[in-house]
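This is what each chain is made of:
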Amino acid sequence: MDFFSHLAWTYLLFFRGREDYLQGLFFGVFPDVMFVCAAILFSINLFARSQKISRQRLFPQVRKVYLISHSLISVAAFAAAIYFLSGELYYPTIAWVLHILLDLYTHKGSPAEPQMPLYPLPTPSIKGLIWWRNPYFMVANWTAILIVYLATS
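Residues numbered from 1 in each chain as written. Predicted model: local features only at pLDDT ≥ 70, side-chain atom pairs only at ≥ 80, totals over all residues. Heavy atoms only, no water.

Scanning the protein for helices and strands turns up 6 helices and 0 strands. With the C-alpha coordinates aligned to their principal axes, the bounding extent of the protein is approximately 50 × 45 × 30 Å. The buried share of the protein, reckoned over its 153 residues, is 37%. Accessible surface, the protein: about 9,200 Å² in total, of which carbon and sulfur atoms supply 71%. (Helix = DSSP H or I, 4+ residues; strand = E, 2+ residues; numbered from the N terminus. Buried < 20%, exposed > 50% of the residue type's maximum accessible area, 1.4 Å probe, protein only. Areas by Shrake-Rupley, 256 points an atom, 1.4 Å probe, with all protein chains shown as cover.)

This is the structure in structure tokens:
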């Protein structure tokens, strides 16, 4: 799903009217931010070594970062660490879970397919149902966001 849709769904479903909404929005896009940062760092590394930068060369290098950042196991480990340190559940991590759930079925045919939501466990992978860049999906998605926004205003 696109960056702005993740922000919109996170805000509308879990953080509207909450004081910690900025933290929620951060975790709503955190997996993609981690992936993009890794891609940038690997690109700089390739450029510094005077090697050609291409999607075919880059994605296998950052695939593991994608899998870790888009894993429910990672969320659980993070939430457990916060709970262990503070004695409280950290509500904004629910946005990270939402991000993963939204991406599961909206990456058909993308380089990120198949999705492995329980990585690093050797679980069955999930193939997307639709690619989020599909114009019909984009219209339906943003229409749904608008409907939810208007219905909850």
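Turning next to helix H1 (residues 3–15). Residues of H1 that are buried: Ser5, His6, Ala8, Trp9, Thr10, Leu12 and Phe15. Looking at the buried positions of H1, the neighbouring elements they touch are helix H2 (21–48), helix H5 (93–104) and helix H6 (135–151). Here H1 starts with a cap whose side-chain oxygen sits 3.2 Å from the backbone nitrogen of phenylalanine 4, and that cap is aspartate 2. (Contact = heavy atoms within 4.5 Å. Polar contact = N/O pair within 3.5 Å; in protein donor to acceptor, adjacent residues only side chain to side chain.)

Next up on the list: the side chain of serine 71. Tracing the backbone shows serine 71 in the loop between helix H3 (55–69) and helix H4 (72–86). Residue class for serine 71 comes out buried when judged on its relative accessible area of 0%. Polar side-chain contacts of serine 71 include one of 2.4 Å to the backbone oxygen of tyrosine 119. Here serine 71 is in contact with Ile100, Pro117, Leu118 and Tyr119, once residues within four sequence places are set aside.

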